[in-house]
Amino acid sequence: MTSRLRLRVMGPLRLWRDDVELHGGPRQQQCLLALLLVRAGRPVDMTDLITMIWGDEPPISAVNVIHKYVGALRRLLEPELALRSSGSYLLRHGNGYRLMIGPEILDLAAFRHGVAAAKVSVVAERPEEALERYSDALRLCHGSAGGALADSVTAAAAFASVDGEFIDAAVGAAKVAVQVRRPAEILAPLRLAAELGRLNEPVHASLVTTLAAAGHQAEALAAYRTIRERLADELGIDPGRELRMAQQQVLTQNVAPAAEEPVDVEVATPETGAARWVPQVRPAQLPPDQPMFVGRAFELSILHDLVAGMRDRNRTSPLVIAVDGMGGVGKSTIVTHFAHQVADEFADGQLYLDMLGHEGEEGSVSAGDALRSLLYALGIRASDVPDTFDALTGTYRSLTAGKRILVLLDNVRDPAQVRPLLPNSADSLVLVTSRRPLVGLAASDGARLYRAYLPDLPEARELLGRRLAVLKSRAFDATDADTLDEIIELCGRLPLALAILAARLSARPHLSLLSVAAELRDGARRLAAFPGGRGISDPRTAFSWSYRQLSPGAARLFRLLSAGLSPGITVDACVSLSGQDPHRTRAELEELAEAALVAEGDNGCFTSHVLVKAYAEELFRATEPPAEQHAAVGRLLQHYLHSSLHAEVVLDGYRTPIALPPPLPGVVPERPASYPEALAWFAGQRDVLKEAVRVAADLGHGIVPWQLAITMQPYLEWFGLFQDWEDVMCLALRAARERGDVVGEAHVLRSLAGARRFFNANGEALDLLGAALRIYAEHDMFPEQAMVHVDFHLVYSALGQHELALASSATATNLNRSAGNRRAEIRSLASNGQSLARLGRHEEAARALQQALDLNAQIEHRHEDAWIRVAIAQNLAKTGRVEDAVDQLKLAAEAADEMSQGPYRFEAFRSLSELLFSVGDMSGADEAFEKAREVLDSFQDGGPDHLRAGIRCLAEKLSRRRGAAR
C-alpha cells in the first residue's frame, strides 16, 4: 500500500507520512529541505544552496554536507527507495537539485494552485467562486514560511518571498470578499498577513477597509493608528496615500471607490495646428487567446503579482513588464493569455502590435510606424496623423494621458522600439516580449524584467496531452506514458516543438509514437521531426531569426558550441574551442546569451537547449570545413586533457606526470594555482571530463582517452566517486585496446584494479594487477612495477593474506630504493609496517612506520600522512597504547580532512570509533561513528556495499552497548 506524504513549509517546517509526524533531521538539513520546498519544481544551483545555508563563509566540506543531507532527505521522503536511486521527488539537476512535489503533498504548491485558480475565477467574473478558492488557499498558511530556519540573508529572502505571496493573496482575497459582501470570512488570514508584513502598507490598508466593511469600524481605526505609529517609530515616515485613503473610507463609511468616466481628448491637427476634440475609442486589439492553453500557473502568478503592485499610488509612470526568452518557449502565448485575464481592469482598452523584432533592424517595425498604428487604433483619422516623429509622440501621449490602457508589444527588438510607445499614464500597463532581455528599458524606464523558462515535465505533459486529447482517430493510454515522456524530453520540453508534434500526429493518425521517438533520438536529424512550411514557425525557423542577427564571430562560436560536451562549457573551455582571443570569446558568449541561444548557469557554465544545439550542429556540419570541425573538437578535448593534468599535478605531486605532446595552437589550458583551486576545478568539471573520455574513445582522435582518465583518478578516489572511477577506466581500457596501446592499457588496468578493490572485488583486482605487471615487466618499467606491488599489498591485506601482502610491499620498497624514488618509498615503507603489525611483529612495524612518517615529513609530502598514522594507530592499539593510538587517529583525520582524502578520513573515524568502543568511551565512539557515517554518506551512492555493511555492523554494536548500559 502506498504511504501518503504531506509537507508543510507555510509556517514551521513539518512532515507527515500516513498522519505520523516525521522529524526533519538536523537544523541545516531542515533548512535545505525548506529551501527546496519554497522553490519546488525549479532547479536550485549548488552555489545558491551553499550561500543560502551558510552565507558568505561556507565550510570547505559544504558540497559534501549537502550531498549527505540530500541522501538523508531522499530516504526520509521515500523510505522504500531502491539503492543508488534518486527517487521521484528530489532529483539531480546540473550541479544542483530540483524538488518535484505537487499540490497533493506540499502546502505551498496547493496554495499557489489555489491562488492561480482564484485569479482565473476573478477574471471570469465569478467572484463567489474566487473567494472560495482564495479561502481554501489561505487556510494553508500557519505562520512565517520555514519558521526560524534561515541563518543567512539569502535564505531569509527566499522564505520572505513566500510570505509575500501569502500577503498578496490575502489582499486579493479581501478585495473579492468586500465585493461580494462577505468580508468577515477573510479577516483571519488577513490579520495573519498583517502580522507577517509588519510594515507592508498595502496589506494594512486592506485590513483597515475589510474590517470596516465587516462592521468593525472601531477596530479598523485602531488598526490604522497601530500601523501609523509603527511606521513613524521604525521608519520615521507617515502613512502613504493608500493607507490614508483607507482611513478616509472608514471615516466616510465608503469602502468601494467609484469608477472613472471616459472623456474625450483635445489634440492639434497637423495642417493648421488648431485644436480638435477626438472622441475616445476603446480599442480591443488583443490577439485571440490560445484555445489549448494549459499550465504556466507560476509565470501567471508572477505577472499577476507585478500588476497587483500597481496599487502603489506613488507610481508616476506606466508599469512595464518585459518577458524575454528563447524562441519557441511560449513568451507570446503566456503574455497574451495573461493580457486577456487582466484586460477588464483597463477600462480604456487594449492595444497590440507585433514589432517584428526577429526580422532585424531593417525588417522590424519602426517606432514612427508603430505610433501611427496606435493613433489609428485610438480614433485618430489618417488626415489628422502628424508628420514628424515628435508630433506623433506628443499626440500619443495626449491621447493616453490619465487612461487605464493595456499595451502589448510583441517581438520587440530593443528598448528604442518601446520607449516612444509608453502611455502617458501611471494607471496603464505595457507588456513586452523579446528574445533578448531589455536591460536598457529596465535601467531607464523602470521595466520589470522576467525570463520565460521551459515548462517542467508535468506542465509539458499537460500541454502535449491537451493537444493530443482532441484527436478522435487515436487514443493514448498508460502504456504510452513512457514514450510520451521520452518524446517530451527529446524535444527539450519546448512548447513550440510539442505543439508541432501534436499537429503532425493529428495530420498523420497512423504515425506511431515509437517512430517519432526514434526520429528524435537521431541527433543529426532531430529537427526534421518538426516540419515547417508557409505559415508555420518551426523550431529551426524560430532559431534562425536569432542566428541571423548575430555578428560573424558570434555566429561562428555558436556553430562551434555544438561540439561542446554535456553538461555545459566554461568560458575558458570556449576560448580553446574557438581558438580566439579570450576577450573576444567572452564578448561573443555574451552576445549569444543575450540572443537566448545559450544560457549561463550560476556555476559559470554555458548550455544550449537540446534543439538549439541540434540547429547549431546542422550549421556546424554545413558551414565549417571538415578540417576545422576536426580541429575544433581536438582543441576542446586537449583543453580538458592539459587542464586536468595541471590540476592533477597540484593535487598529487607523488604521481609521475604523463608526458603529453604540446597542445594545438589556440588551446589555452587552465592552471589551478593551489590545492583548493584544483579541487574546485575537478568538482566543476567532473561530468564534462567523463564525457570527454567517452567522446575521445568514440571518435578515435583529439586526445588519448586513457591519459585524461588517469589524471582524474586522484579526485575521483579521494571524493568517493568510485563508480565514476570504474566507468571512466572501462571507457579508457576499450579505447587503449582498440588502438593497440599496450602501455596505456597497463596504466588503465592498474587504475581499474583500484576501483574494483573499493567495491571489494578483490579477485578481479588481482587479475587486473597481474595483467598490468606483465606489461610493465615486458617494457622494463620499474617505477610502475613498484606501484603495482603496492597495490598488490592493499588487495592481499583486504583478503587477510598478510604474508603475501608483506612480500609485495617489500618488493615495492626494493624497486623504489633502486630507482631513488623517495616519495614512492614512503608508501611502500608504510605498507611494510602495516603488514608487519598485522602479523604481530609490532616492533618491526613501529620502526618501518616511523621511518615512513619521518621520510614523509622530510620531503613535506602530506598525501601519505593520514594513511601512515592510521597504520601507526592500529599497531599502537595492539600493543595496549590506546591513548597514543587515539591521538594518532585524530591526527590522521585532520590530515585527511586537510587533503580532502575521503577514504582515509572515513577509515580514521571508523577505526577511532571502534577503538573508543573497545575501552568503553561510548560518547567518543558515538561522535567518531557519526563523523564516519557522514563521510560515507558523502560518497557516490552512499559508498560501496561492504563499507555500508561495516558501518551498519558498528552501529548495531554501539546500540547494543548503549541498551545494556541503560
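Residues numbered from 1 in each chain as written. Predicted model: local features only at pLDDT ≥ 70, side-chain atom pairs only at ≥ 80, totals over all residues. Heavy atoms only, no water.

A.B. asks: Is there a simple way to explain the sheet that holds strand E12 (residues 448–451) in this structure?
C.D. replies: Strand order in the open sheet formed by five strands is E9-E10-E11-E8-E12, and the pairing between neighbours is parallel. Each edge of the open sheet is held by one strand with a lone partner, namely strand E9 (350–354) and E12. Between one strand axis and the next, the sheet turns by 15 degrees as a mean value, whatever way the strands run. Where strand E8 (residues 319–324) lies against strand E11 (residues 429–434), six bridges are found, and the strand directions are parallel. Within the sheet, the bridge partner assigned to Val320 lies in E11 and is Val430. The sheet strands contacting helix H11 (residues 297–308) are E8, E11 and E12, and the helix crosses E8 at an angle near 160 degrees. (Pairing = 2+ DSSP bridges. Helix = DSSP H or I, 4+ residues; strand = E, 2+ residues; numbered from the N terminus. Axes fitted to C-alpha atoms, helices over the stretch in contact; angles between N-to-C directions. Contact = heavy atoms within 4.5 Å.)

A.B. asks: Can you help me understand the pattern of salt bridges in this one?
C.D. replies: Oppositely charged side chains can form a pair if their charged atoms are brought close together. Using the criterion set out here, one finds 58 salt bridges in the structure. Between Glu844 and Arg841 there is a salt bridge whose closest N-O contact spans 3.0 Å. When its relative accessible area of 31% is taken as the criterion, Glu844 is described as partly exposed. A network of salt bridges, in which partner residues are shared, links Glu691, Arg694, Asp698, Arg734 and Glu738. (Salt bridge = Lys/Arg side-chain N within 4 Å of Asp/Glu carboxyl O. Buried < 20%, exposed > 50% of the residue type's maximum accessible area, 1.4 Å probe, protein only.)

A.B. asks: When you look at the packing of helix H8 (residues 201–213) against helix H10 (residues 241–252) in this model, what are you seeing that I'm missing?
C.D. replies: Pairs of packed helices are described in terms of their axes, by the angle between the two and the distance that separates them. Between H8 and H10, the shortest axis-to-axis distance is 8 Å and the interhelical angle comes to 5 degrees. Put simply, H8 runs roughly parallel to H10. For the pair H8 and H10, the contacting residues are Glu201, Pro202, His204, Ala205, Val208, Thr209 and Ala212 in the first and Glu242, Leu243, Ala246, Gln247, Gln249 and Val250 in the second. (Parallel < 35°, antiparallel > 145°, perpendicular 65-115°, else oblique.)

A.B. asks: Which parts of the structure should I look at to understand the sheet that holds strand E2 (residues 14–17)?
C.D. replies: Working definition: the strands of a sheet are paired by backbone hydrogen bonds and lie parallel or antiparallel to each other. Taken in spatial order, the three strands of this open sheet run E1-E2-E3, and their pairing is antiparallel. Edge strands, defined here as strands with exactly one partner in the open sheet, are strand E1 (5–8) and strand E3 (20–22). Taken pair by pair, the neighbouring strands of this sheet meet at an average axis angle of 25 degrees, ignoring direction. Pairing of E1 with E2 involves four bridges; the strand directions are antiparallel. Pairing of Leu5 across the sheet is with Arg17, part of E2.

A.B. asks: Help me understand empty space enclosed by the protein in this model?
C.D. replies: Leftover empty space is mapped by rolling, across the atoms, a probe with the size of a water molecule. Counted according to the given criterion, the structure contains five cavities of 30 Å³ or more. Its boundaries defined by the atoms lining it, the largest cavity holds a volume of some 150 Å³. Around the largest cavity sit 14 residues that line it, and Gly357, His358, Val412, Arg435 and Gln549 are the ones nearest its centre. When contributions to the lining of the largest cavity are tallied by element, the ones reaching two or more residues are strand E10 (406–412), E11 and helix H22 (539–547). Looking at side-chain class alone, the lining of the largest cavity contains three nonpolar, seven polar and four charged residues. (1 Å grid on protein atoms, 1.4 Å probe; cavity = no way out; pocket = protein on both sides within 12 Å on 5 of 7 lines; lining within 4 Å. Points joined across faces, edges and corners; volume = space filled by probe spheres on them. Nonpolar A, V, L, I, M, F, W, Y, C, P; charged D, E, K, R; others polar.)

A.B. asks: I would appreciate a short explanation of the packing of helix H31 (residues 742–758) against helix H32 (residues 762–778) in the present structure.
C.D. replies: Relative orientation of the contacting elements H31 and H32 amounts to 160 degrees, with a least axis distance of 8 Å. By the criterion of interaxial angle, the relationship of H31 to H32 is roughly antiparallel. In this structure, H31 meets H32 at a crossing whose hand is left-handed. Residues Val742, Val743, Glu745, Ala746, His747, Leu749, Arg750, Leu752, Ala753, Arg756 and Arg757 of H31 lie in contact with H32, whose contacting residues are Asn762, Glu764, Ala765, Leu768, Leu769, Ala771, Ala772, Ile775 and Tyr776. In the contact of H31 with H32, the residues fall into 13 nonpolar, two polar and five charged. (Left-handed = near helix turned anticlockwise from the far one by under 90°.)

A.B. asks: Help me understand the nonpolar core in this model?
C.D. replies: One broad trend across soluble globular proteins is that nonpolar side chains are buried collectively. Counting residues in each nonpolar core, the largest one holds 184 residues, and the members touching the most others are Leu429, Phe530 and Phe558. With 11 residues, the single largest contributor to this core is helix H28 (residues 675–699). Core analysis: the next-biggest nonpolar cluster, separate from the first, contains 84 residues, Ile66, Leu131, Ala174 and Leu243 among them. (Core = buried A, V, L, I, M, F, W, Y, C linked by side-chain atoms within 4.5 Å.)

A.B. asks: I keep staring at the packing of aromatic side chains and nothing clicks. Help me out?
C.D. replies: Under the defined criterion, the tally for this structure stands at 13 aromatic pairs. For the ring pair Phe543 and Tyr615, a centre distance of 6.1 Å and an interplane angle of 55 degrees mean the geometry is tilted. Highlighted residues: Phe543 in helix H22 and Tyr615 in helix H26 (residues 610–623), separated in sequence by 72 residues. Judged by relative accessible area, Phe543 falls into the buried class, the value being 2%. By relative accessible area, Tyr615 is classed as buried at 6%. Taken together, a centroid distance of 5.5 Å and an interplanar angle of 15 degrees make the contact between Phe682 and Tyr715 stacked. Of this pair, Phe682 sits in helix H28 while Tyr715 sits in helix H29 (residues 705–718), and the two are 33 residues apart along the sequence. Residues Phe682 and Tyr715 agree in their burial class; the two are buried. Among the aromatic side chains, those forming a connected cluster through ring pairs are Phe722, Trp725, Phe758, Phe759 and Phe939. Against the face of Phe758 rests Arg757, its NZ or CZ located 4.9 Å from the ring centre. The ring of Phe917 has Arg961 sitting right over it, with the charged end atom 4.3 Å from the ring centre. (Phe/Tyr/Trp six-rings, centres within 6.5 Å; stacked < 30°, edge-to-face > 60°. Lys NZ or Arg CZ within 6 Å of the ring centre and 35° of its normal.)

A.B. asks: What should I look at first to understand the confidence of the model for the chain in this one?
C.D. replies: Per-chain confidence: the chain averages 88 in pLDDT, with 93% of residues scoring 70 or above. Note on residues 256–263: pLDDT is under 50 here. Beyond four places in sequence and across chains, it has four contacts. (pLDDT = per-residue confidence, 0-100.)

A.B. asks: Please clarify how the pairing of strand E5 (residues 96–99) should be interpreted in this entry.
C.D. replies: As a general feature of sheets, a regular strand has side chains that alternate between the two faces. Neither face of E5 is open: one carries Gly96 and Arg98, the other Tyr97 and Leu99, and all of them are buried. One ladder, built from four bridges, connects strand E4 (residues 90–93) with E5; its direction is antiparallel. Along E5, the bridge assignment pairs Leu91 with Arg98.

A.B. asks: When you look at the state of the cysteines in this model, what are you seeing that I'm missing?
C.D. replies: Throughout this description, disulfide means a covalent bond between two cysteine sulfur atoms. If you walk through the whole model with that rule in mind, you get zero disulfides. Between Cys141, a cysteine without a disulfide, and Cys31, which holds the nearest cysteine sulfur, the sulfur-to-sulfur distance is 18 Å. When its relative accessible area of 8% is taken as the criterion, Cys141 is described as buried. (Disulfide = S-S within 2.5 Å.)

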